[in-house]
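# Structural characterization, general
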Amino acid sequence: MRERKYDSARARGLTHVHPRDVPLQDALTAVADPVRRAILRELAGLPDWTKAFGTFDLPVTKATRSHHFAVLRAAGLIEQRDEGARRLNRLRRPEFDEAFPGLLDLILAERP
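Residues numbered from 1 in each chain as written. Predicted model: local features only at pLDDT ≥ 70, side-chain atom pairs only at ≥ 80, totals over all residues. Heavy atoms only, no water.

Aromatic rings in a pair are described by how distant their centres are and how their planes are angled relative to each other. Within the structure shown, the criterion is met by three aromatic pairs. Pairing F53 with F69 gives two aromatic rings, centres 5.0 Å apart and planes at 65°, and the pair type is edge-to-face. On the criterion of sequence distance, the pair formed by F53 in the loop between β3 (51-52) and α3 (62-74) and F69 in helix α3 is long-range, its members being 16 residues apart. In this structure, F53 and F69 share a single accessibility class: buried. A centroid spacing of 4.9 Å and a plane angle of 40° characterise the contact between F96 and F100, whose relative ring orientation is tilted. F100 matches F96 in its accessibility class, with the two residues each being buried. Through pairs of rings, three or more aromatic residues link up here, namely F53, F56 and F69. The lysine or arginine in question, K51, covers the ring of F56, its NZ or CZ lying 5.1 Å from the ring centre. (Phe/Tyr/Trp six-rings, centres within 6.5 Å; stacked < 30°, edge-to-face > 60°. Helix = DSSP H or I, 4+ residues; strand = E, 2+ residues; numbered from the N terminus. Buried < 20%, exposed > 50% of the residue type's maximum accessible area, 1.4 Å probe, protein only. Lys NZ or Arg CZ within 6 Å of the ring centre and 35° of its normal.)

With antiparallel pairing, the three strands of this open sheet are ordered in space as β3-β5-β4. Either end of the sheet is taken by a strand with one partner, and the two such strands are β3 and β4 (78-83). Here β4 runs beside strand β5 (residues 86-91); their pairing, made up of six bridges, is antiparallel. Across the sheet, the residue bridging to I78 is L91, located in β5. Contacting β3, β4 and β5, helix α2 (residues 34-44) runs over the sheet at an angle of about 85° to β5. (Pairing = 2+ DSSP bridges. Contact = heavy atoms within 4.5 Å. Axes fitted to C-alpha atoms, helices over the stretch in contact; angles between N-to-C directions.)

Here we come to α3. For an α-helix, 3.6 residues make a turn, and residues three or four places apart therefore share a direction. In this model, α3 (13 residues) spans 18 Å end to end at C-alpha, consistent with the 18 Å of a helix rising 1.5 Å per residue. Its buried side turned inward, α3 meets β2 (15-17), α1 (24-32), α2, β4 and β5. Among the residues trailing α3, G76 stands out with phi positive, at a value near 80°. (Expected span 1.5 Å × (residues − 1).)

Below you can see the structure in the form of structure tokens.
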């Protein structure tokens, strides 16, 4: 079952998928990219909803960054919400760990 959030008019395009609805192959594809793993590691070290989309220091363009965040949302790894002009992020660790036990631990233990 897909979850949708409409925190603002700008967020209407955001689709959030619960990790239990994600096939294993999609979860593995999402964590296969080193940029996405860097995003996950950064979010894991911060409280929920404190890191804005535009504040990640990533070696990619804004369009590519948007794609990476969309892949992470589609795999149930992150949730995003808008607060004013900022798009804040949350790692969905409890939900993802329930669906894929141990997978996120392996990703977060990786040394970049």
